[in-house]
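Listed below are the residues making up each chain.
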Amino acid sequence: MQGFALGMATIVPLGPQNILVMNQGIRGQYHLLIATLCLLSDMVLIMAGVFGSSALLSRSEVLLQAVTLAGAAFLAAYGFCALRSAWSGAGTGGTSVQGAGLRPSRRRIVITMLAVTWLNPHVYLDTLVVLGSIGGQLEPLARRWFAGGTMGASLVWFYGLAVLSARLAPWLNRSRVQRWIHLFVGVVMWLVALQLARRAWNMFFAAAA
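## With respect to the nonpolar core
Phase 1 of the analysis: By size, the foremost hydrophobic cluster in this structure holds 29 residues, and its most contacted members are Val21 and Val185.
Phase 2 of the analysis: Broken down by secondary-structure element, the contributors of at least two residues to this core are helix H1 (2-11), helix H2 (16-27), helix H3 (31-53), helix H5 (61-88), helix H7 (106-118), helix H9 (140-167) and helix H11 (175-208).
Phase 3 of the analysis: No other element matches the 8 residues that H11 contributes to this core.
Phase 4 of the analysis: Once residues within four sequence positions are removed from consideration, valine 185 is found in contact with Ile19, Asn23, Tyr78 and Ala82.
Phase 5 of the analysis: Grouped together as the second largest cluster of nonpolar side chains are 6 residues, Ile46, Val50, Phe146 and Met151 included.

Okay, structure coming up:
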């Protein structure tokens with residue numbers, strides 16, 4: 001229960017990964033596949049954090065800075081595309097996406113999901129540092145249950161988000177609603193990218209000092 005509660009606390013706050021799962025559910029495009037890949041990625045990171053790699057990022061400032069800069073650049077580009085869609089209305093509404101040959105390929109969606117997950121430093125901080133530092137202090141048997149609870153939180157959240165957004169798609173897929181969603185996504189992505197860029201900037205000057 002402790003692992004499940006802590007897993008929910010780290011995964012529920014809105015971020016790039018959740019937004020991608022929600023968008024694919026709204027569009028009805030490989031949303032269960034994306035939820036599964038998000039779950040598998042979380043399982044790998046949780047196991048790495050709880051069972052021995054919790055200090056990886058804290059020991060390598062260069063690695064953390066590189067991941068932070070890459071994540072900021074990717075999210076800034078992702079946010080730009082979302083804001084451009086909100087401004088122009090391109091890619092909004094079920095008809096324009098699915099009927100005009102603009103349906104993204106499965107490969108492109110999977111690559112985007114992998115980038116959103118593995119180029120986001122917050123994912124490493126939540127799993128390797130936060131969950132790893134807490135779970136790593138437990139006895140071996142309790143550690144397994146803790147890891148299972150955090151993975152259970154990812155299972156419930158990602159599949160629940162994918163299914164719920166797909167069920168609400170008839171309303172969420174309206175052109176006007178989609179434009180607001182794209183605008184919201186773009187703003188969130190740019191805010192996260194700005195936060196990451198500031199963190200990388202501060203790490204650079206801290207290392208130089």
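## Some thoughts on unusual backbone geometry
Phase 1 of the analysis: For tyrosine 30, which is not glycine, the phi dihedral falls at a positive 55 degrees.
Phase 2 of the analysis: Topologically, tyrosine 30 is positioned in the loop between H2 and H3.

## Quick word on the environment of alanine 66
Phase 1 of the analysis: Summarising the element assignment, alanine 66 is placed in helix H5.
Phase 2 of the analysis: With a relative accessible area of 43%, alanine 66 lands in the partly exposed category.
Phase 3 of the analysis: Note: C-alpha distance between alanine 66 and leucine 119 (53 residues apart in sequence) is 9.4 Å.

## Details of the layout of surface pockets
Phase 1 of the analysis: The calculated volume of the second largest pocket comes to roughly 320 Å³.
Phase 2 of the analysis: Contributing to the lining of the second largest pocket are 20 residues, with Thr10, Ile11, Gln17, Val123 and Asp126 lying nearest its centre.
Phase 3 of the analysis: For the lining of the second largest pocket, the secondary structure elements donating two or more residues are H1, H2, H3, helix H8 (121-135) and H9.
Phase 4 of the analysis: In terms of residues, the lining of the second largest pocket owes the most to one element, H8, which gives 5 residues.
Phase 5 of the analysis: Tallied by class, residues from the lining of the second largest pocket come to 8 nonpolar, 10 polar and 2 charged.

The rules we used
- Residues numbered from 1 in each chain as written.
- Predicted model: local features only at pLDDT ≥ 70, side-chain atom pairs only at ≥ 80, totals over all residues.
- Heavy atoms only, no water.
- Core = buried A, V, L, I, M, F, W, Y, C linked by side-chain atoms within 4.5 Å.
- Buried < 20%, exposed > 50% of the residue type's maximum accessible area, 1.4 Å probe, protein only.
- Helix = DSSP H or I, 4+ residues; strand = E, 2+ residues; numbered from the N terminus.
- Contact = heavy atoms within 4.5 Å.
- 1 Å grid on protein atoms, 1.4 Å probe; cavity = no way out; pocket = protein on both sides within 12 Å on 5 of 7 lines; lining within 4 Å.
- Points joined across faces, edges and corners; volume = space filled by probe spheres on them.
- Nonpolar A, V, L, I, M, F, W, Y, C, P; charged D, E, K, R; others polar.

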